[in-house]
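Single-letter residue listing:
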Number of protein chains: 2
Amino acid sequence: MSTMMRKKPTIRDVAQLAGVSYGTVSRYLNGGEHVSPDAAERIAQAISKAQYTPNNAARTLARQRTHAVALIIQVESNETIVQASVSAAMTGANQVLGDAGYQMVTLIANTESSTERILRLVGSDFADGYLLFSMSNDDQFAESFRNVGAPVVRSEIGGDLPYPAVDFTNEQGQYDITRYLLDKGRRRLLYICGPGYSPTALNRYEGFKRAMGDQFREGDVYFADSWEIDNGEMAVAEFESRFVRPGAAAARVAAGADSADAVAADSGAAGAGVDAAVAGVADGIDGVVCANDDIAMGAIRRLTHMGYRVPEDVSVTGFDDSPIALLSDPKLTTVRQDSQLHGETMARLLLDIMDGKPLGERHTVLLPTTIMHRRSA
Amino acid sequence: MSTMMRKKPTIRDVAQLAGVSYGTVSRYLNGGEHVSPDAAERIAQAISKAQYTPNNAARTLARQRTHAVALIIQVESNETIVQASVSAAMTGANQVLGDAGYQMVTLIANTESSTERILRLVGSDFADGYLLFSMSNDDQFAESFRNVGAPVVRSEIGGDLPYPAVDFTNEQGQYDITRYLLDKGRRRLLYICGPGYSPTALNRYEGFKRAMGDQFREGDVYFADSWEIDNGEMAVAEFESRFVRPGAAAARVAAGADSADAVAADSGAAGAGVDAAVAGVADGIDGVVCANDDIAMGAIRRLTHMGYRVPEDVSVTGFDDSPIALLSDPKLTTVRQDSQLHGETMARLLLDIMDGKPLGERHTVLLPTTIMHRRSA
DNA sequence: CTGTTAGCGCATTCAC
DNA sequence: GTGAATGCGCTAACAG
């Protein structure tokens, strides 16, 4: 049979078939300049006849460029590898990288061994540039990139590595939505802060504090140890006794800010099933600002279970505008960040650096965030 | 400065520094057999002194093996690139591939150009094996792998490509959960079928039909055109007039199956807010079987909005046991599939094939599914 | 145990 | 325009 396991054809086979030297074939392959139409034609036929495809390794070895960019995702082993935001960023990066002629390949570092393997790979000229998505503040990892020849762009500012990075205005976003709650008449807010290892969590926390100004009470902050939904539930549970009395907040807002104490109707939460557990104090918490959507989702669930109505009794806000923001009931008022743009911007920055465009060290770009007004606040 | 942009050191530089020939260094690098402790020591020092790291391209060129496996995700351009199930599968595959000494790299084909680029790459001995996650039935894509030397394993059976594949017992899973509803006394079920381009959707549909047997009514099937949440809402909306009267189903079940017509209490849905739109017929639909969790989520939402109580009036089931199954209210009774195991199994199968283990053509393995009993049904 | 040598498949000078 | 030669960095087979 002719479909026997014959070896893969090389550029020489093609040359022989076309009756030219393999140097000419190579030229044909790379732009086709300086090759006669006649020869080109014969080479084309030979290529398709031989089913020739150039070998990747040989190419990158010869030209000393991989034409590839690696997107590295670093997560703790137990976490979901690819969150929605990262997925969106990948889409964006893949697009602009592809348009620029680069192949994006993504690598996952979620265990010690995989991390080690990837680090070794990075040292071996695996790609022409690197996009680093490390969700944690594990600078050891990023640190390992210091002596890599190829440029690196990070997805998060913070830590004190000198890499260019693209991130969102986390501080400002959290500030904005907190102010929004305050302006709407909410008086006392619980802040559920993201995990301490995350620079992002810290930035958002700063935004909250700034918005609260004098009214900031450290006691009204819950420090979560992950970004996951349970933290929202746990936080609300822990602060259970400190929430406003159901109905009080709504009435307060309706009646104007200062008459809060006077009004304390216990009605309103009728069908929803307020049980005995709900005590509530008149000057209690009437708003929960969460460091991300998942946590907010958990907070809403718990509040609802406890008999509070969201947002009538207690407002809740998220952060990220992830897909689940639309899944909660009521839908989440949250801070939107365009993750696809995040990926695009990172890729563009990386391309610029690879092209040798000058930029100061510690170059960072901050992408804007906007409030998505929905039902929960 | 010594940190000037000097060229990357090669194996020869190391050899020179260690005072040995570079053949010896190569041996040291690959296992260290047949190299004296003395030389080894000097080489080790030279390597760390020169900050030497072997070049990837040169290695794969010389050994004619990449030691990499590419996981290719093919999605329509507008879809979320990495769904939760794929993310989990990636985790599994990455683990076993890594343990076997392979680097997993994932490639995304979501546009025509990226697909084309990847196909070209695949033809260039980019990896030693391929894991193909194509959510659609686009066999053209898979077809392109026919003449690839390296082995391929697909994530989905169906189509008529001769590739080994790993999938779940979709048919049986849908059968099981449908029977479960029937056995619980539900009389008339609406089936919301996944998009027609998906073999998985078809398999599940078959399971539903088999479970229904004589009771199957083609008119009680809604054909969604994507896997997304809106389809659940749309389906329920379209069948609005054909649902059971609120309260009827619960009473029916409680009173025993055959007295259904006699009982038709209109109560029960009190606080939930049954509005005028809810007519309901006594022998109406009292269960909704959905082809996936997202759709089920939409169905529940719509039903709730229409004033039905889930599961008292209408039961709803999902499929996949994705993370959002826990986010719905009530939590979703669904069919669980272990996506991480999916990835692991695919990777193991691929490794076996790469190792030359014999297996018949069209080799496929089906992973089990189990029912997750939660609140919605 | 170690040095030498011949490729791996291709890009890229050079002469012609 | 085209062919021949050299090298990319490394592995592997071979003598010694």
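Only a predicted model underlies this, so the values are computations on that prediction, with no experimental measurement involved.

**Observations concerning the overall build of chain A**
Scanning chain A from N- to C-terminus turns up 13 helices and twelve strands. For chain A, the proportion of its 377 residues judged to be buried stands at 52%. Of all intrachain contacts in chain A linking residues separated by at least 6 positions in sequence, the fraction that spans at least 24 positions is 70%. Roughly 16,500 Å² of accessible area belongs to chain A as shown, and the carbon and sulfur atoms make up 50% of that amount.

**Topic: the protein's contact with DNA strand C**
The local shell around DNA strand C holds 27 residues, among which Ile11(A), Tyr52(A), Arg59(A), Thr24(B) and Ser36(B) are the closest. Sugar and phosphate atoms constitute 56% of the interface atoms of DNA strand C, taking the interface as everything within 4 Å of the protein. Ser26(A) has a polar side-chain atom sitting 2.9 Å from a phosphate oxygen of DNA strand C. A distance of 3.0 Å separates a phosphate oxygen of DNA strand C from a polar atom in the backbone of Ser21(B). Among the secondary structure elements, those contributing two or more residues to the surface near DNA strand C are α1 (11-18), α2 (22-29) and α4 (56-63) of chain A together with α2 (22-29) and α4 (56-63) of chain B. Residue classes in the surface near DNA strand C are distributed as twelve nonpolar, eleven polar and four charged.

**Remarks on the protein's contact with DNA strand D**
As a structural note, the neighbourhood of DNA strand D is formed by 26 residues, with Thr24(A), Ser36(A), Ile11(B), Tyr52(B) and Arg59(B) the closest of them. A distance of 2.6 Å separates a phosphate oxygen of DNA strand D from a polar atom in the side chain of Thr24(A). With respect to DNA strand D, the side chain of Tyr52(B) contributes an N or O atom lying 2.3 Å from a phosphate oxygen. Elements supplying a minimum of two residues to the surface near DNA strand D: α2 and α4 of chain A together with α1 (11-18), α2 and α4 of chain B. Here the surface near DNA strand D takes four residues from α2(B), the largest share from any one element.

**Describing the sheet that holds strand β6 (residues 189-193) of chain A**
Residues and elements named next belong to chain A. Ordered in space as β7-β6-β8-β9, the four strands form an open sheet in which the pairing is parallel. Whereas interior strands pair on both sides, the edge strands pair on one side only; in this sheet they are β7 (221-223) and β9 (315-317). Strand after strand, the sheet turns through a mean of 15° between neighbouring axes, direction not considered. Across three bridges, β6 lies against β7 in parallel orientation. Bridge pairing links Ile 192 to Tyr 222 in β7. Packing against the sheet, helix α9 (residues 199-212) makes contact with β6, β7 and β8 (287-290), and its axis sits at approximately 165° to β6. Across the sheet, helix α10 (residues 229-238) touches β6 and β7, and the angle it forms with β7 is around 140°.

**A look at unusual backbone geometry**
Residue and element names in this part refer to chain A. Cis rather than trans, the peptide bond between Asp 329 and Pro 330 has omega equal to 5°. On the secondary structure map, Pro 330 appears in the loop between β9 and β10 (334-336). Although it is not a glycine, Gln 51 adopts a positive phi angle of roughly 60°. Residue position: Gln 51 is located in the loop between α3 (37-50) and α4. Look at Gln 51 and you get partly exposed, because its relative accessible area is 48%.

**Focus on the nonpolar core**
Considering soluble globular proteins, one finds that nonpolar side chains tend to be buried as a cluster. Counting residues in hydrophobic clusters, the biggest one holds 56 residues, and the most contacted among them are Met90(A), Leu97(A), Leu131(A), Met90(B), Leu97(B) and Leu131(B). At seven residues, the largest contribution of residues to this core is made by helix α13 (residues 339-354) of chain A. When sequence neighbours within four positions are dropped, the list of residues in contact with Met90(A) reads Leu71(A), Ile73(A), Val82(A), Met104(A), Thr106(A), Val82(B) and Ile108(B). Core analysis: the second largest hydrophobic core is formed by 40 residues, Leu161(A), Ala127(B), Leu132(B) and Leu161(B) among them.

**With respect to the pairing of strand β6 (residues 189-193) of chain B**
All names here are of chain B. Counted residue by residue, β6 has five buried out of five residues, so it is predominantly covered. Both faces of β6 are covered, namely the face carrying Leu 189, Tyr 191 and Cys 193 and the face carrying Leu 190 and Ile 192. In terms of handedness, the path from β6 via helix α9 (residues 199-212) over to strand β7 (residues 221-223) forms a crossover that is right-handed.

**Considering the interface of chain B and chain A**
Counting residues at the interface gives 46 residues for chain B and 46 residues for chain A. At the boundary of chain B with chain A, total buried surface from both sides reaches about 3,700 Å², with 53% on carbon and sulfur atoms. Looking at the side of chain B facing chain A, the largest losses of area belong to Gln103(B), Arg117(B) and Leu327(B), adding up to 16% of the total buried there. Along the contact surface separating chain B from chain A lie zero salt bridges. The tally of links between chain B and chain A comes to 17 residue pairs in polar contact (both at pLDDT 80 or more). Of all the secondary-structure elements, those providing two or more residues to the side of chain B that touches chain A are α4, α5 (84-99), β2 (103-109), α6 (112-122) and α12 (293-306) of chain B. Across the side of chain B that touches chain A, the residue classes tally to 20 nonpolar, 21 polar and five charged.

**Thoughts on the relation of the copies chain B and chain A**
It takes a turn of 180° to lay chain B on chain A, together with a shift of 0.1 Å along the axis; the resulting RMSD is 0.1 Å. Taken together, the rotation and translation relating the two chain copies correspond to the operation of a two-fold axis. Taken together, the interface assignments show that 100% of the residues at the interface of chain B recur at the interface of chain A, consistent with an identical surface on both copies.

**Details of α4(B)**
Two residues of an α-helix separated by three or four positions point the same way, owing to the 3.6 residues in each turn. Two or three places before Ala57(B), at the start of α4(B), stands the capping residue Asn55(B), its side-chain oxygen 2.9 Å from that residue's backbone nitrogen. Just beyond α4(B), the residue with positive phi is Gln64(B), at close to 60°.

**Some words on the packing of aromatic side chains**
All names here are of chain A. This model, assessed by the stated rule, comprises 16 aromatic pairs over all chains. Taken together, the aromatic side chains of Tyr 191, Tyr 205, Phe 208, Phe 216 and Phe 223 make up a single cluster linked through ring pairs. The positively charged end of Arg 12 is found above the aromatic ring belonging to Tyr 22, 4.5 Å away from the centroid.

**A closer look at the sheet that holds strand β8 (residues 287-290) of chain B**
Residues and elements named next belong to chain B. One open sheet holds the four strands; their spatial order is β7-β6-β8-β9, and the pairing between them is parallel. For this open sheet the edge positions go to β7 and β9 (315-317), each flanked by a neighbour on one side alone. The mean inter-strand angle of the sheet, taken between neighbouring strand axes irrespective of direction, is 15°. Taken strand by strand, α9 contacts β6, β7 and β8, and its axis lies near 165° from that of β6.

**Looking at the environment of Glu79(A)**
Residue and element names in this part refer to chain A. Looking at where Glu 79 falls in the secondary structure, it is placed in the loop between β1 (68-74) and α5 (84-99). Take Glu 79: its relative accessible area is 18%, and that puts it in the buried class. Taking C-alpha positions, Glu 79 is 32 Å from Gly 307, a pair spaced 228 residues apart along the chain.

Conventions used here
Residues numbered from 1 in each chain as written. Chains lettered and ligands numbered in written order. Predicted model: local features only at pLDDT ≥ 70, side-chain atom pairs only at ≥ 80, totals over all residues. Heavy atoms only, no water. Helix = DSSP H or I, 4+ residues; strand = E, 2+ residues; numbered from the N terminus. Buried < 20%, exposed > 50% of the residue type's maximum accessible area, 1.4 Å probe, protein only. Contact = heavy atoms within 4.5 Å. Areas by Shrake-Rupley, 256 points an atom, 1.4 Å probe, with all protein chains shown as cover. Near = heavy atom within 4 Å. Polar contact = N/O pair within 3.5 Å; in protein donor to acceptor, adjacent residues only side chain to side chain. Nonpolar A, V, L, I, M, F, W, Y, C, P; charged D, E, K, R; others polar. Pairing = 2+ DSSP bridges. Axes fitted to C-alpha atoms, helices over the stretch in contact; angles between N-to-C directions. Core = buried A, V, L, I, M, F, W, Y, C linked by side-chain atoms within 4.5 Å. Right-handed = clockwise from strand over helix to strand, strands pointing away. Buried area = accessible area lost by both parts, 1.4 Å probe. Salt bridge = Lys/Arg side-chain N within 4 Å of Asp/Glu carboxyl O. Least-squares fit on C-alpha atoms with pLDDT ≥ 70 in both. Phe/Tyr/Trp six-rings, centres within 6.5 Å; stacked < 30°, edge-to-face > 60°. Lys NZ or Arg CZ within 6 Å of the ring centre and 35° of its normal.

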